[in-house]
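Chain residues, written in single-letter form:
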There are 2 protein chains.
Amino acid sequence: MPVTPQDDPYYRIRHSLAHVMAQAVLELFPEGKIAIGPPIENGFYYDFDLPRPLTPDDLTAIEAGMRRIIAKDVPFIYREVSPDEARALFRDQPYKLELIDGLAQGLDEYGETHHGDTVISTYRQDTFEDLCRGPHVERTGQLDPEAFKLTGIAGAYWRGNEKNPQLQRIYGTGWANKAELDHYLFQLEEARRRDHRRLGKELGLFHFSDDIGPGLPLFTPRGEIIRHEMERFVRELQTKYGYSHVWTGNVVKESLYKKSGHYDAYRENMFPPMVESEDLVFRLKPMNCPSHMTLYKEMGIHSYRDLPLRFAEFATLYRYEDSGALHGLTRVRALTQDDCHIFCRPDQIEAEFGLALNLIREVLATYKFGDYRVDLSLRGASGKYIADDEAWDLAEGALRSALDHYGVQYREAPGEAAIYGPKADFIARDVLGREWQLSTIQVDFIQPRRLGLEYIGEDNQPHTPVVLHRAVTGTTERFLGVLIEHFAGAFPLWLAPVQAVIIPITDKQQEYAEQVRRRLAEAGLRVEIDTSRDRMQGKIRRAQLQKIPYMLIIGAKEQEADAVAVRMRSGEDLGAIPVAAFVERALQEVRSRA
Amino acid sequence: MPVTPQDDPYYRIRHSLAHVMAQAVLELFPEGKIAIGPPIENGFYYDFDLPRPLTPDDLTAIEAGMRRIIAKDVPFIYREVSPDEARALFRDQPYKLELIDGLAQGLDEYGETHHGDTVISTYRQDTFEDLCRGPHVERTGQLDPEAFKLTGIAGAYWRGNEKNPQLQRIYGTGWANKAELDHYLFQLEEARRRDHRRLGKELGLFHFSDDIGPGLPLFTPRGEIIRHEMERFVRELQTKYGYSHVWTGNVVKESLYKKSGHYDAYRENMFPPMVESEDLVFRLKPMNCPSHMTLYKEMGIHSYRDLPLRFAEFATLYRYEDSGALHGLTRVRALTQDDCHIFCRPDQIEAEFGLALNLIREVLATYKFGDYRVDLSLRGASGKYIADDEAWDLAEGALRSALDHYGVQYREAPGEAAIYGPKADFIARDVLGREWQLSTIQVDFIQPRRLGLEYIGEDNQPHTPVVLHRAVTGTTERFLGVLIEHFAGAFPLWLAPVQAVIIPITDKQQEYAEQVRRRLAEAGLRVEIDTSRDRMQGKIRRAQLQKIPYMLIIGAKEQEADAVAVRMRSGEDLGAIPVAAFVERALQEVRSRA
């Protein structure tokens, strides 16, 4: 999809590079046919119909050709043409002719109705003229010859339709200067190096299987420990903050979602129905709210003095994401939310929002996401906001006031609130500077009313409680994917699946190694002995690749001293430490989640 | 269903009581029609077609009539009759005539093919003659007039078919003497008092909702804590015993169950399919084994030195139990197994079985199930056992040897093993003497082969691992139901949802009460303050009804001494204890799971 706005300087650079690339390709393949070539995020591509498949060597030659065209410093020249002139100009370019036919009928280059003007325009640089709306840089000399790189070749169907001919797409990245390109390539390499799908395999954390189904991960013993520790941490904090935990399973009668409104609004994202009979249809739970609200009702009459009630649950939800959208752990069909629903009175919104805010901040700090921003989505002028103004004013005021009270910076986004009520989203930045929407607190006036929730007020009359929907890290699966990349697999001690590996120098230390292992395990540490026949350097290397925080090397000297020689995965050597002291140090590190 | 064997003395007593009851009913309702009246577990029933609905007063009159018939001391007289004689005898009894027609055609009294003799027989006592195969006691005087009781009236369709007329069924219980009857009635009352469905409501632990679906429980904050502690306990022990935990979700492609064989054998018990397309059908997971085995395969090549691998998981499984069979938590459709699959070499079966045995014994002891027996199901002569004799001999020998080694008493049951391999079931007796099958260890030769599992042996050749299926308490839901009844809701401290309630004597102690609450909560104890306006005795009474282990009463004296006056739910009064000492005592009790 083309990047907008078009007055973005990178748009001009990348769009111009696409044209320059097309010229260079046609210089190599004069009989080549050109399709389309838009700028995209971080770069550009162009689709070609060429007489043979491209090779990496071709990319080098094309890059050289591009540099020659840039060196010529020729201008990009705009002109408008009639459909007939355009057809004459592109008489040897069948894809362009198809586009011209479309443009003449008011369709854009994707074959979709184009609501702008119907003027046909071209841009020409040097010997190459392309059907194009622009804009471009003024001259090829404004492009930095060291600030672009062709990054790959892929197949692409003409107009994205697999019934059309397959074309060759060349991807490139383009920037204002070499420093920017280098930074981007470094980030790209870093992202590749940290890719949680790759690391997940290398560290043996999770698998996907054709036998289970797409988007449905299986966690190995090592992966499960991380999930478990993540959930344990949030549960511990939630308990400390006065939250309760409930359990509502994974299956619900479809009729509940008809009552709650999710059937109409969300059906497309649910797994297919389980039809027992015409009157009895079950669904996998795609969200917890209707279940938690049902539990609230089943628990009987609630007094205003019983509120707030805070129902947290680590339930695995199922959402039928499009198979094309699935991506490792960050986009799955089985998602375990660290979800909570807070049932409260309107006058409790501020305090409850503040409590949730603090909990979220404590969690993000522990995970070393220091850099996050808060988007506060508010009601806009639109008529879609159905609850009364008074309720909205109260809730929006409460959210602002709590954010101010705790000194949290936020950006107001009027008109971006859902119809239910205002919400705050926490968008955290990982070490690569990528943004992840993690935590959410959403005020809900609508669902509690829809499902008939009540509490008896001080006035002895029934009232509808407000519900705050709250997630801390979002879902365990996605956040684990993010964490793997954030830490590049080198988890802090409390999350590391194996916290220490014992490496005996010779067979004579086997018994002592086993004794040390037992002492560490009894203290609650996750420890293994490397019993392979590799040499010590090989064992250390493997432990480093497995990102195991501590290597405990054991020789005769250590055995005699009831000690272990401690090496950290960073390479740092802590020397010999008595076993008891190491246990104390490690436990302290685990407990503090440092 | 009739109790067998028929030579059980209770069978004779209960069968005879049914006939005596029928006579007494016909004396009250001479125009009444009789259907069938078999002995059942603990008693008997008889179905009648009567001119009006029975009342509890009728039962008293019928009991009196029965005692009169018993006092007459008349004999039970057997005779054989031809179908025509029988028809003449029962000419006013349409249900009996239908039975006679059936008997004449070789059908039994349930209308099913009867493979025994086709002789029609009757038993007569006093004025009452019934179509009957016996046996009975010899004379009514052998029945103890103080050892039976009519326990209830229910509707029942003739032959269990709702298209047939509805009859009135009278239930009774019958025993050899009054002491036995009293014991039975006490147990019955005790079971009613302990009924987990009643206690679950009173203690606010769980609910079922029409909006969610039958057999799908919702756990309140209090109920969830118990589940959580139960699972945490088993997880802790499993970790100590060297088990790993995995996570495999709740949804699986149906095709996996076709490969594993469960589709053919188990389809009827699965929730209905989720049909995405003809080629892509999902199922809710009714068992973990195929998922764990798939994970084993996905993890790559396993060496004989990597085994055993022990995959434990607390996954909620879904089984579509018949709605009539559902019963509180003890028979649900959502069941969270404390399941484990141990992948091992044949020579490891004994050690792994022994390990599992010890773990199970430690768990049962903690839950105060001191009284359990082990049934060892072995291969029989039947041809259904498809794995080779050598494997069976090895496995059966390993199981026996481990049981002997740990001094576990067991009963061998030849021919009761499933086709997969031998197994050991642990059947525990609760405080009421009822038996519950909890733990299981099943050896499996078949599924690993079917799903193509392998390990590379010392001989460098691929081998199929043996899998042990192991459950400790069975499922969390069912075991929680059992535990509620076993403890009559008075959970040991480590499981109690609220471990202590603080009861301030006057408003002046509010602040100190809150301070004590905070100190206990920070120590990890689950504690509440009773802030109601009730008088102290009312608060104590409520805490006792809620089975809260400790009541901490706080007055001016306690505040001054930084102490709490401790009362236990049993009524025992521990006097004033310094807060720090109470915390230490309680934590010690929790940690030891005493």
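What you are looking at is a predicted structure, and each value in this text was computed from that prediction instead of being measured.

**Examining the sheet that holds strand S18 (residues 410-414) of chain A**
Residues and elements named next belong to chain A.
So, step 1. Strand order in the open sheet made by the 8 strands is S11-S15-S16-S23-S20-S19-S17-S18, with mixed pairing throughout. Looking at strand neighbours, the two that pair on one side only are strand S11 (244-245) and S18, the edges of this open sheet.
So, step 2. Inspection of the sheet shows S11 paired to strand S15 (residues 309-318) by 2 bridges, in the parallel sense. For His245, the partnering residue across the bridge sits in S15 and is Ala312.

**Quick notes on the packing of helix H7 (residues 221-240) of chain A against helix H14 (residues 476-486) of chain A**
All names here are of chain A.
So, step 1. Direction vectors running N to C along H7 and H14 enclose 110°, while the axes themselves pass 11 Å from each other. Between H7 and H14, the angle is such that the two are roughly perpendicular. For the pair H7 and H14, the contacting residues are Gly223, Ile226, Arg227, Met230 and Glu231 in the first and Thr476, Glu477, Phe479, Leu480 and Leu483 in the second.
So, step 2. Split by residue class, the contact of H7 with H14 holds 5 nonpolar, 2 polar and 3 charged.

**Regarding the interface of chain B and chain A**
So, step 1. Counting residues at the interface gives 53 residues for chain B, matched by 53 residues for chain A.
So, step 2. Surface buried jointly by chain B and chain A totals about 4600 Å² across both partners, of which 60% is contributed by carbon and sulfur atoms.
So, step 3. At the boundary of chain B and chain A, one finds 4 salt bridges.
So, step 4. Inspection of the chain B/chain A interface yields 18 residue pairs in polar contact (both at pLDDT 80 or more).
So, step 5. The residue makeup of the side of chain B that touches chain A, split by class, is 26 nonpolar, 14 polar and 13 charged.

**Section: the pairing of strand S13 (residues 274-277) of chain A**
All names here are of chain A.
So, step 1. Taken together, the 3 bridges between S13 and strand S14 (residues 280-284) define a ladder with antiparallel strand orientation. Bridged to Val275 within S14 is Val281.
So, step 2. Here S13 folds back onto S14, and the loop between the two strands holds 2 residues.

**As for the relation of the copies chain B and chain A**
So, step 1. Taken as rigid bodies, chain B and chain A are interconverted by a rotation of 179° and an axial shift of 0.1 Å, the fit giving an RMSD of 0.5 Å. The transformation relating the two chain copies, once decomposed into turn and shift, fits a two-fold axis. For chain B, the minimum C-alpha distance to the rotation axis belongs to Met274 of chain B and amounts to 2.5 Å.
So, step 2. Of the residues that chain B buries at the interface, 100% are likewise interface residues in chain A, meaning the two copies contact each other through the same surface.

**Focus on the side chain of His19 of chain A**
So, step 1. With respect to the helices, strands and loops of the structure, His19 of chain A is situated in helix H1 (residues 9-28).
So, step 2. The residues contacting His19 of chain A, other than those within four sequence positions of it, are Phe76, Tyr123, Gln125, Phe128, Asp130, Cys132 and His136 of chain A.

**A word on the nonpolar core**
So, step 1. By size, the foremost hydrophobic cluster in this structure holds 188 residues, and its most contacted members are Tyr367 and Phe491 of chain A together with Tyr367 and Phe491 of chain B.
So, step 2. Not counting the four nearest positions on each side in its chain, Tyr367 of chain B is found in contact with Met230, Phe233, Thr473, Phe479, Leu483, His486, Phe487, Trp494 and Leu495 of chain B.

**Describing the sheet that holds strand S15 (residues 309-318) of chain B**
Working definition: the strands of a sheet are paired by backbone hydrogen bonds and lie parallel or antiparallel to each other.
Residue and element names in this part refer to chain B.
So, step 1. Taken together, 8 strands build an open sheet; the order of strands is S11-S15-S16-S23-S20-S19-S17-S18 and the sheet is mixed. Every other strand in the sheet has two partners, leaving strand S11 (244-245) and strand S18 (410-414) as the edge strands with one partner each.
So, step 2. Seen against the sheet, helix H12 (residues 389-405) touches strand S17 (372-378), S18, strand S19 (423-429) and strand S20 (435-444) and runs at an angle of roughly 160° to S17.

Criteria and thresholds
- Residues numbered from 1 in each chain as written.
- Chains lettered and ligands numbered in written order.
- Predicted model: local features only at pLDDT ≥ 70, side-chain atom pairs only at ≥ 80, totals over all residues.
- Heavy atoms only, no water.
- Pairing = 2+ DSSP bridges.
- Helix = DSSP H or I, 4+ residues; strand = E, 2+ residues; numbered from the N terminus.
- Axes fitted to C-alpha atoms, helices over the stretch in contact; angles between N-to-C directions.
- Parallel < 35°, antiparallel > 145°, perpendicular 65-115°, else oblique.
- Contact = heavy atoms within 4.5 Å.
- Nonpolar A, V, L, I, M, F, W, Y, C, P; charged D, E, K, R; others polar.
- Buried area = accessible area lost by both parts, 1.4 Å probe.
- Salt bridge = Lys/Arg side-chain N within 4 Å of Asp/Glu carboxyl O.
- Polar contact = N/O pair within 3.5 Å; in protein donor to acceptor, adjacent residues only side chain to side chain.
- Least-squares fit on C-alpha atoms with pLDDT ≥ 70 in both.
- Core = buried A, V, L, I, M, F, W, Y, C linked by side-chain atoms within 4.5 Å.
- Buried < 20%, exposed > 50% of the residue type's maximum accessible area, 1.4 Å probe, protein only.

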